[in-house]
Every structure is written in C-alpha cells, then in structure tokens.
Amino acid sequence: MPIETNLHGIHRVILAFPLSEDEHFELYCKETFFPDEPFGKFRHDKLLQKVKKTIQYFIPIFEWLPRYNLHLFRYDVLAGITITSHAIPQGISYARLADLPPIIGLYSSFVPPLIYTVFGSSNNLAVGTVAACSLLMHETLGAVVSPKDDPTLYLHLIYTSTFFTGIFQTALGFCRLGILVDFLSHSTITGFMGGTAIIISLQQMKGILGLKHFTTRTDVVRVIQAIFHYRNEWKWQSFVAGLIFLCFLQVARYVRQRKPNLFWVSAKSPMAVVAVGCLYAYLGDGEQHGIAIVGDLKKGLNPSSIHYLNFDSRYLPATIRAGAVTGLISMVEGIAIGRSFAFIKNEQIDGNKEMIAYGFMNIIGSLTSCYLTTGPFSKTAVNVNSGCKTPMANVVQGFCMMLTLLFLAPIFSYTPLVALAAIIMSAMLGLINYEEMYHLYKVDKFDFAICMAAFFGVSFGSMDIGLLLSVGLSLLRALLYVARPAACKLGRLPNTSLYRDTEQYPETMSLEGILVLQLGSPVYFANCSYIRERILRFINEEDAVTEYRTEHILLDLSGVASIDMSGIDTFIELIRVLKGKHIKLGIVNPRIEVLEKMTLAKFVDVLGKQAFYLSIEEAIQSCRFTMDTSTKEEAWGSSKTEDVV
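Residues numbered from 1 in each chain as written. Predicted model: local features only at pLDDT ≥ 70, side-chain atom pairs only at ≥ 80, totals over all residues. Heavy atoms only, no water.

Asker: Give a description of the overall build of the protein chain that names residues and reports values.
Answerer: Counting secondary structure elements, the protein chain contains 26 helices and eight strands. Residues counted as buried form 50% of the 645 residues belonging to the protein chain. Here the analysis covers contacts within the protein chain between residues at least 6 apart in sequence; of these, 79% occur between residues at least 24 apart. As displayed, the protein chain has an accessible area near 31,500 Å², and 62% of this comes from carbon and sulfur atoms. (Helix = DSSP H or I, 4+ residues; strand = E, 2+ residues; numbered from the N terminus. Buried < 20%, exposed > 50% of the residue type's maximum accessible area, 1.4 Å probe, protein only. Contact = heavy atoms within 4.5 Å. Areas by Shrake-Rupley, 256 points an atom, 1.4 Å probe, with all protein chains shown as cover.)

Asker: Got a sec to walk through the pairing of strand β6 (residues 552-556)? Specific residues and values, please.
Answerer: Most of β6 sits inside the fold, with five of its five residues counted as buried. Summarising the sheet, strand β5 (residues 514-519) and β6 pair through five bridges and their orientation is parallel. Within the sheet, the bridge partner assigned to Q518 lies in β6 and is D556. Traced from β5 through helix α22 (residues 528-545) to β6, the parallel crossover comes out right-handed. Where β6 meets strand β7 (residues 584-588), five bridges bridge the pair, whose relative direction is parallel. Each residue of the ladder has a partner; that of L554, found in β7, is G586. (Pairing = 2+ DSSP bridges. Right-handed = clockwise from strand over helix to strand, strands pointing away.)

Asker: Got a sec to walk through the packing of aromatic side chains? Specific residues and values, please.
Answerer: Both the distance between ring centres and the angle between the ring planes are used here to describe each pair of aromatic rings. Enumeration over the complete set of coordinates arrives at 15 aromatic pairs. Here the aromatic rings of F571 and F603 are separated by 6.1 Å at their centres, their planes lie at 40°, and the arrangement is tilted. Here F571 is found in helix α23 (residues 565-580), whereas its partner F603 is found in helix α25 (residues 603-607), with 32 residues between them in sequence. Taken together, W64, Y68 and F73 form an aromatic cluster joined through their ring pairs. The side chain of K389 reaches across the aromatic face of Y75, ending 4.8 Å from its centre. We note K445 situated over the ring of Y441; from NZ or CZ to the ring centre the distance is 4.7 Å. (Phe/Tyr/Trp six-rings, centres within 6.5 Å; stacked < 30°, edge-to-face > 60°. Lys NZ or Arg CZ within 6 Å of the ring centre and 35° of its normal.)

Asker: Tell me about the packing of helix α7 (residues 131-142) against helix α8 (residues 151-174), and name the residues and values.
Answerer: It is at 11 Å that the axes of α7 and α8 come closest, and there the two elements cross at 120°. Overall, the two elements α7 and α8 adopt an arrangement that is oblique. The crossing of α7 and α8 is right-handed. Across the interface between the two elements, M137, H138, L141 and G142 of α7 pack against Y154, L157, I158, S161 and T162 of α8. For the contact of α7 with α8, the class distribution of residues is five nonpolar, four polar and no charged. (Axes fitted to C-alpha atoms, helices over the stretch in contact; angles between N-to-C directions. Parallel < 35°, antiparallel > 145°, perpendicular 65-115°, else oblique. Left-handed = near helix turned anticlockwise from the far one by under 90°. Nonpolar A, V, L, I, M, F, W, Y, C, P; charged D, E, K, R; others polar.)

Asker: Break down the pattern of salt bridges for me, with residues and values.
Answerer: With the rule as written, the count across this model stands at seven salt bridges. Here K489 and E542 are joined by a salt bridge, their closest N and O atoms 2.5 Å apart. Placement of the pair is K489 in strand β3 (residues 487-492) and E542 in helix α22, with a sequence separation of 53 residues. Close ionic contact of E533 with R532 constitutes a salt bridge, the shortest N to O distance being 3.1 Å. Using a relative accessible area of 43% as the deciding quantity, one classes E533 as partly exposed. Overall, the relative accessible area of 14% leaves R532 in the buried class. Here the salt bridges do not stand alone but share partners, grouping D444, D447 and R477 into one network. (Salt bridge = Lys/Arg side-chain N within 4 Å of Asp/Glu carboxyl O.)

Asker: Before we move on, can you summarise helix α12 (residues 236-258) with the specific residues and values?
Answerer: In a regular helix each residue adds 1.5 Å, so 23 residues correspond to 33 Å; α12 covers 33 Å between its end C-alpha atoms and thus fits that length. Where α12 is concerned, the buried positions are S238, A241, G242, F245, L246, L249, A252 and R253. The inward-facing, buried residues of α12 contact α10 (205-209), α13 (263-283) and α18 (417-429). (Expected span 1.5 Å × (residues − 1).)

Asker: Before we move on, can you summarise the packing of helix α4 (residues 70-97) against helix α16 (residues 377-385) with the specific residues and values?
Answerer: Geometry of a packed helix pair, given as the angle between the helix axes and the separation of the axes. Contact geometry for α4 and α16: axes closest at 9 Å, N-to-C directions at 160°. The pairing of α4 with α16 is recorded here as roughly antiparallel in orientation. For the pair α4 and α16, the sense of crossing is right-handed. Every residue of α16 that contacts α4 at A79, T82, I83, H86, A87 and Q90 is listed here: S378, K379, V382 and N383.

Asker: Quick one: what's the story with a nonpolar patch on the surface, residue by residue and with numbers?
Answerer: Together, L301, F399, L403, L406, F407, L408 and I411 line one region of the surface with nonpolar side chains, adding up to about 610 Å² of accessible area. You can see F407 is positioned in helix α17 (residues 392-408). (Patch = residues over 30% accessible without salt bridge, like charges linked within 9 Å, V, L, I, M, F, W, Y side chains within 5 Å.)

Structural data, given as structure tokens:
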C-alpha cells in the first residue's frame, strides 16, 4: 500500500490507486480462476517454447513422457499388473452393485485408464469404478426404469448419465471452477462414505444369503426388512461360503495394516477369492448347491455405445441428475485421494486438470460401453504400494485388461455372486472411519454434526438426502460465520509494541480513553448491523469497567478482505452515533480493495483522510497527541478564565 510521511513522522495512507477498473477485474479473475498462475513461468520464453509448454500444461503426458525411461517402466509394469488383479474382481463386483452386466465393469477398466494417462496430472491415481457412485446411479435411474423389467433401457440410461457426468466434469475443469469441490467438506465426505458403506454392506446380504428377491430401496430399515421378509430363501451353503470369503479378506486386510510391506497379500486376496470361487463353482457344481454364479461373459473388446445414448425427454431429468450428482461425488473423491497420496510423496496435482481428465475419460467411456469411473482409494493405495512411478501404470492396467477381455473373460463367468458380495462388503468395512468421526467429535462438535447428518441421512434416508442435509449444515455454518463475524478488543502486551486480544492475553494493558477493536471478516449486508451493535456494546462495556471515558475508537481492518455498500453505510451511520457520544473513529490498515471502495463511496471524505493509519501504534500516537492537545487547550482555557476573574 503506498505511504507518505507527514510532519509529525507518522505515515499516512495515500488514497490513490495505481490500477484501473479493468486491471482490477483482470486481477480478480486471475486470482479466482488461475491462482497458480500457470502461464507466468514461461511468459518471457520464445513463441515456440510458449506453444510447447502450453501444450504440456494442458496435456500432461507430453511433459513426463519425454523423460520416461526403462527404469521407471519396470516399477510401473509391476504396479499395473497388481492393480489389474485388483480391478477384475472389483469391476465385476461394482457392476453387479449397479445392476449392470458384469462385463461392463471389465470394459470400464480398459478404456478410461488409457484416457487418464494422457490428461491426468497424478502419478499415483489408479482409475476404476467406485461403489458409492455405482449404487447412486442404480438408486437414481432404477427409480425411473427397472433394471429387471427393462435391462436394455436401463443400461442405455447408465451410458447417458455417464456421458452427462463427463460433460459436467469437463465444463467445471475448463471453467476453472475447482472451487466448487470445496463445498463438500471433509466432514461431509467422511459421513457420506461411512453411511454409504453401511447400506452397501447390508445390501450384500442378498449375495451372502443367496436371495433371489430383494428390495430396490437402499435405506437401512427397508434393507433389513427385506432380509427377514425373504428368510425362506436363505441358503446356508451360500452363507457359509460368504463367511469364509469375508473372514479371509478381513484377515488379509489386517495383515496389510500390521505389516505394510505385505500389502500384496491384501491386493491379491480379492483375486484369490474369485479364483477359488470359480474353481468351486466349476468343479463342485456350485449352482446345484445354492451358489449362484455371474453367468455368461463374452470375449471381445468394448463395443461402441454411441447409438445407445438416450436423450428422451421422459428420462432426461433423471440422467442429468444422476450424471451431475455422481460426477461431483466421484470428482471430489478422486481429487481428494490424488492429493492425499501426492502429499505423501511431496508432489502436486492440479484439481482443474483432474476434472478435465475425469470428464474426458467418462465422455469417451460412455461411448465405449463403460460406466462412471474415477480414482478409487483401494486401487490407488495398491498402485502406490506396488511402487508406481508415473501414470504409465494405468496403461499397463489397460493392456492387461485388454488381454483379459480377449482371452480370459469366459473364465470369470463362473465367479460366485457370494464371492463378489464378500469382496464388496470387505471393501466397504474399510470405509467406515470410526477414528476420524471420534476425532471430529473431540475437536469440533459442529463438524461432527455435519458428519453425522451425512452418515444417518444416507443410512436411513437416501444418498441424496444425506448429501443435502450435510451440505445444508455446512452452508448454514458458513452463513453463521458471515452473519456473526469475529471481533475482539486489543490491548498492548507489557514492554512491547504488540497488540493482542485481551481475552486470549489477560495481561494486556488497556489504553486510557482509546479503544482498539479488530474485525476479522468481510463486512457485508448480512453482518453490518451486527458489527455496528457489537462496536457500541464494546464501548458500553469499556466505559463500565474503566474510569476513563472513551474518546477514540480504532478499527483494525487488516483482516477485512472486502466490504459492500451496506457495510460502508453502516460505518457512516456509526460515525454519526459516535459523534453524538463525542467519540472519534479511526481506521487502521485497510486493505486496498476496502480502501478503494471507501474512496469511491466518499466515505474517506466523510471520516477525513487524517483518520486512516497504517499501524495501531501510529494511530495511538496520533490519538494521544490529539488528547494531549485537547487537555492543554482545556487547561489554558481554565487558567485564562481564572485570570479574568
């Protein structure tokens, strides 16, 4: 902020601004949409270098591929093969969760990973399907078209909603609107994933018990009712097999937690369950003993599904809604997971690039018989633990999945449904983060309430209800912060020139006749009335506990990022009220955005330029000088009166 020095040696604020309105708007847009200043690094390069680096920025594969070598490839091959062994049972399982043909789950682990390799910015993320979005798609579209009565139409709507997911994610990425992801807080995600894990786990009881009929609802009450309503269909053989598989998977997960170096035990366990299940179903004639299997899986690569996209007005609202909601959730989950593992490796990923990558892989995926994909936590963890170095691991996964589709797909047709149910249930049990929920309870009760709103909303209502409740509480909290901003009284610490909150530091000393207040949030129409009343209350409280009358109020606005006209009008009204109390107002260290609006609104002329200060210490010196001058004038006036008398 420009400054000048007056005759008394106290710096004054210069009320002239070097930037025009157009420059201010350009700066605002830059900070909003390009806070990382991506093109600033090569603004002084030659034209060809600028073109090259711009292409590398938007298409990350051109940045890391020229530096790629055989040493890195060895690590990526191992990681790619490992995540493929994880992706096969997971893809089949989650496709069944969405009531889709199991082969669609395998298709979705072939094309999307290749697309992400080109446009993704994370070296760690492994692409695949996720349980929460699979169930949410089934819940949203299943309410419009029954996957049992009309499976073809249902599948076409899945493709269409995946297409809308891609459009939605790509649009957010190109518009640089990654800020919208922040509206889904950590508390919301924790509660949502926990509630989703509960309902998905309960739904797997259909496979564990070998039921043929089940409810299409997802809430806990209806699912439990359905389990006992169809108890005459329970098959003990299926239950025993499911219990064995589940125990094996949980033991493998426990081994990984206790011995991180043995991560491969957990990574290979789903494939081991599928292999054992297939052998039992094939050699032991499992279907005759109540063990249902997946059924026919045809060999061949992804067929085109462009002509299957359905934009019929009867189904368009449901497909758009499913695409937008699942797109937002999958995007938040994928970016959060990518950032978490990038932080561990001291790397960075670009949220907007990730949105574009997710969008492209879902658009192209919807045209190649895939459904929604993102970066699942389990696969990404396996990828990192397997030693991946670059996104090339996703290419290896895609190549291995291609071989599976061409030659091995029919083998997995013997996969028992109970094995898939056990795999899903085991994965979901790991998503219920009890420790984090307890941590939220200890640290912040409101965050805990937000988490529980998502958890119980999803568990006993629906996934939409859980999200709406949790996001609604989060927005309410944000509005409360805006409507009731932080304000505190400052005092000077002994033997220093530091001014701190008097409640936090009781040893601070009050200033005779001077009240220093600090505001810590933007001043808007929503909170300006509260700020005015709070300032007047501070005055009354100060006058009640001290023997000195308040003569000066200093407002430290260093924490006020912005102000609107309602806020400025409130300050003008405050000046009038304080003038009636013979109190002068001073403004300390206003930010340039605030000061500019105050100047344009003529507030500076109303208050006076001399009432603006760069620091609290200088403001207090000025106030004391004024008070001393007034005292001397009063004393001189009194002595003159006595002489006359």
